[in-house]
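Commentary on secondary and tertiary structure
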Amino acid sequence: LSEIAHRHRHQRSLDVSRDYGKRAPSASSSATEIHPDAKMRVLALLAAMVAGASAFGVSAPTFAAKSSFSGAVVYESSTCARETRGDMSMMRHRKKIAKLGKPADQRKALLRALTTEVIRHGRIKTTLVRAKAVRKHVDHMIQLGKRGDLHARRQALAWIYDKDLVHSLFEAAPDRYSDREGGYTRVLRTMPRQGDNAKMAIIELV
């Protein structure tokens, strides 16, 4: 009986070892498989590392090559530099009017005052930007004076501060500029202003 029991135990141990040998490869293969969530975490970590490197200005390797025109050594980067919106020189769209560093109401008052003084004195000295900005208004007032009708006079009164100056303009403009159709003023550049080195000019009636 003891011998039979010994054989029985030996047979059970062999069966267990066979079963373990059969199950072992499947267990090892399941251990080597990567879960999809783990793959996504690894990819996200790599993307974050690349973004951090680019944010801190890690430059790409450069390679030396010879120019085909001069034969000089030219260093080229392995990746093309991408221009951002801040690095590009944008066009000056919708910036035709000179702002003169003032809001709309103050800019209009300044141009009205300069127009009045140019017509009164015939010649004033101001900055180059202001002289170019007021030139078209002075020409427009003289054109209204040449026209001479009631509507033109009211338009001139709405822009020029001095009412008596408007009446004098409408009396003298038709005779003085009868042979000229536009271009009633000229702008002459002068020396820069002391202190801030601003460009100065003289605007005068022709």
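Residues numbered from 1 in each chain as written. Predicted model: local features only at pLDDT ≥ 70, side-chain atom pairs only at ≥ 80, totals over all residues. Heavy atoms only, no water.

**What to know about the side chain of Thr185**
- Turning to its location among the elements, Thr185 is positioned in strand β4 (residues 185–189).
- At 3.3 Å, the side chain of Thr185 forms a polar contact with the side chain of Asp139.
- Not counting chain neighbours up to four residues away, the residues in contact with Thr185 comprise Arg135, Val138, Asp139, Ile203, Glu204, Leu205 and Val206. (Helix = DSSP H or I, 4+ residues; strand = E, 2+ residues; numbered from the N terminus. Polar contact = N/O pair within 3.5 Å; in protein donor to acceptor, adjacent residues only side chain to side chain. Contact = heavy atoms within 4.5 Å.)

**Side note on the confidence of the model for the protein**
- Overall, the prediction assigns the protein a mean pLDDT of 79, with 65% of residues at 70 or greater.
- Across residues 27–31, confidence stays below pLDDT 50; counting only partners more than four residues off in sequence or on other chains, it has zero contacts.
- Per-residue pLDDT stays below 50 along residues 66–70; that stretch engages in four contacts with residues further than four places along the chain or on separate chains. (pLDDT = per-residue confidence, 0-100.)

**Re helix α4 (residues 128–147)**
- Counted at 1.5 Å a residue, the expected span for α4 with its 20 residues is 28 Å, and the 29 Å between its end C-alpha atoms agrees.
- The principal kink in α4, of about 30°, is found at Val134.
- Taken residue by residue, α4 has Leu128, Ala131, Ala133, Val134, His137, Val138, Asp139, Met141, Ile142, Leu144, Gly145 and Lys146 as its buried positions.
- Elements that come into contact with the buried residues of α4 comprise α3 (104–121), β3 (123–127), α5 (150–159), α6 (163–176), β4 and β5 (200–205). (Expected span 1.5 Å × (residues − 1). Bend = angle between axes of the 7 residues up to and from the residue. Buried < 20%, exposed > 50% of the residue type's maximum accessible area, 1.4 Å probe, protein only.)

**Topic: the packing of aromatic side chains**
- Within this structure, the stated rule accounts for one aromatic pair.
- Seen from their ring centres, Tyr177 and Tyr184 are 5.0 Å apart, and the 70° between their planes marks the pair as edge-to-face.
- On the basis of relative accessible area, Tyr177 is assigned to the buried category, the value being 4%.
- You can call Tyr184 buried: its relative accessible area is 1%. (Phe/Tyr/Trp six-rings, centres within 6.5 Å; stacked < 30°, edge-to-face > 60°.)

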